[in-house]
Amino acid sequence: MNTERLSEKALLAECVRGDKKAWDLFVEQYSNLVYHTVRKTLDLHGPDYLYGELEDLHNGVFLSLLEHDYKKLRQYKGLRGCSVATWIMTISANYTLNFIRGTKQHQHESLDEKVPETGDTVGNGICHPSPSALEILTQTEESDLLRELVDGLDAGDRLFLKYYYEDELSPEEIATVMSVTVSAIYSKKSRILDKLRSIAKKKRSLQEK
Amino acid sequence: MEPEDKFLKRVLSRGTAAKTTVQALEGCLSDELFAAYLDNLLDQQMVRSVQSHLFFCKACRDKTTAISKVKAAMKQEPLQTAPAKLTRMAKDLVRKYPLEALVEVALEFAQEGIAILKNTGAALFPSVGSGTGVFQLELARNAGHDEAPSANSIANMPPSSPQMAFSHAKAVTIENTFGEVKAAVTLERSEPGIFDAEFRLALEGSMTPAADIRISVFRGDREIASQDVENGFASFTNLPAGSYDIEYVGGTQPIGKMRLVLTEAQ
């Protein structure tokens, strides 16, 4: 078999069949990408002392592809033209993030105090005294208002709400993660606030009638 | 900050889920879906589904944020080269020439003893469970066999022979000789479906512990554990039921291989 001429998908298929030459070629092709991704993920998200784990993480990514009878390698379908490189990069970053999270959890387990659980629905927070109409809403009104806003937004705008207000990402970060320009993020925000204003206004006028 | 901003910040920063009629994907995103989403390869309908899922799933949202940052940072610099040692180690995860198994043993563990489904090895020695004091070799599913056969007769038993069992036995030791090395592996069930394997290696015909030997445990083509023999001893614990290839390597050369099938009686 001439593994040099195989397409990406065919190369994976040969690896799954247990072809050693195909596996070597696969490793040769993606070793640098895995290494770079693991390293960058540690740079951005991991504490310095985890650099010592770089070698194990590199090996662990490849091992994770082989585990359970090549389960991961079998899962690749080339969805919408998704390249093996992008897929491998995602797997490598994800593998490293899981490792970082596991290490952090392990370290902080004994230090953490149990935080009392909060309610699981919108609108049960206590409002700070404020003259704004939006800040003197009852819990039910808050909940209704948010539901109406969320239901009226498209998926991208809803996700923006989470990124901006809950996850507290900057507009630049949101632009990166949503693959849009920063100005598109600002106009998204202004559109959402307009919408919220109009819903609040509508509700107020209904209450006044 | 505008009042609307404050309102959304206050309500959403509590990390609470908005009650909504929005439908989202069931289950978290696969690696490939993640990759396709981050690469802008999905059609609008799929993008909406993914984004609706991300709205509800904090774990996937965090993952998307983290990975997209990594991706953006990687674009800023040329690909780093992995040390050759790492590439070689990754290649070695799949072996080149599978070694033929010299010995095959299949055991079925049950509460009341151990059944031998196959054994091409040299000997089998049952160990007695604590408190029972007695064990005997008997036919498991073939009544009327009064006399217990010897361990050697089991070793030479053809595969078509009736199944046999060590009643009350908790562990079994299998002995084999590979070249100048005599290997004894004791297999014990630590809990249902989980097994421990203890290896003792000595030079044939003596009590001298074998040196410079590495034992590797494979499942299929993949090495799952490996250990250098120290003072003639090595052990592997918490092996789930399944089929294993045990490879003995002396120096750099494989000197023997045993295929081991461990099962739990249903």
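All values reported here derive from a predicted model rather than from experimental measurement. (Residues numbered from 1 in each chain as written. Chains lettered and ligands numbered in written order. Predicted model: local features only at pLDDT ≥ 70, side-chain atom pairs only at ≥ 80, totals over all residues.)

Draft legend 1. Main features of the environment of Lys 71 of chain A. All names here are of chain A. With respect to the element layout, Lys 71 can be found in helix H3 (residues 54–75). When the 12 C-beta atoms within 10 Å are taken as the criterion, Lys 71 is described as exposed. When the C-alpha positions of Lys 71 and Val 16 are compared, they lie 8.8 Å apart, and in sequence the two are 55 residues distant. (Helix = DSSP H or I, 4+ residues; strand = E, 2+ residues; numbered from the N terminus. Buried ≥ 20, exposed ≤ 12 C-beta atoms within 10 Å, placed from the backbone.)

Draft legend 2. The pairing of strand E10 (residues 222–228) of chain B, seen in detail. Residue and element names in this part refer to chain B. Strand direction decides the pairing type here: strand E9 (residues 213–219) and E10, joined by 6 bridges, are antiparallel. Each bridged residue has a counterpart across the sheet, and for Ile 215 the counterpart in E10 is Gln 227. Hairpin connection, E9 to E10: the antiparallel pair is bridged by 2 residues, and Gly 220 has positive phi, about 60°. (Pairing = 2+ DSSP bridges.)

Draft legend 3. Structural detail: helix H6 (residues 155–166) of chain A. Residue and element names in this part refer to chain A. In this model H6 runs 16 Å from its N-terminal to its C-terminal C-alpha over 12 residues, within 8% of the 16 Å that 1.5 Å per residue would give. With 10 of its 12 residues buried, H6 lies for the most part within the structure. A positive backbone phi angle near 60° is found at Glu 168, which sits one or two residues after H6. (Expected span 1.5 Å × (residues − 1).)

Draft legend 4. Local environment of helix H5 (residues 84–91) of chain B. What H5 of chain B keeps buried is the set Leu 86, Thr 87 and Ala 90 of chain B. Buried residues of H5 of chain B fall within an arc of 100° about the axis and therefore sit on the same side. Turned more than 90 degrees away from the buried face of H5 of chain B, the exposed residues are Ala 84 and Lys 85 of chain B. Buried positions along H5 of chain B lie against helix H2 (20–45) and H3 of chain A. (Arc of directions from axis to C-beta. Contact = placed C-beta atoms within 7 Å.)

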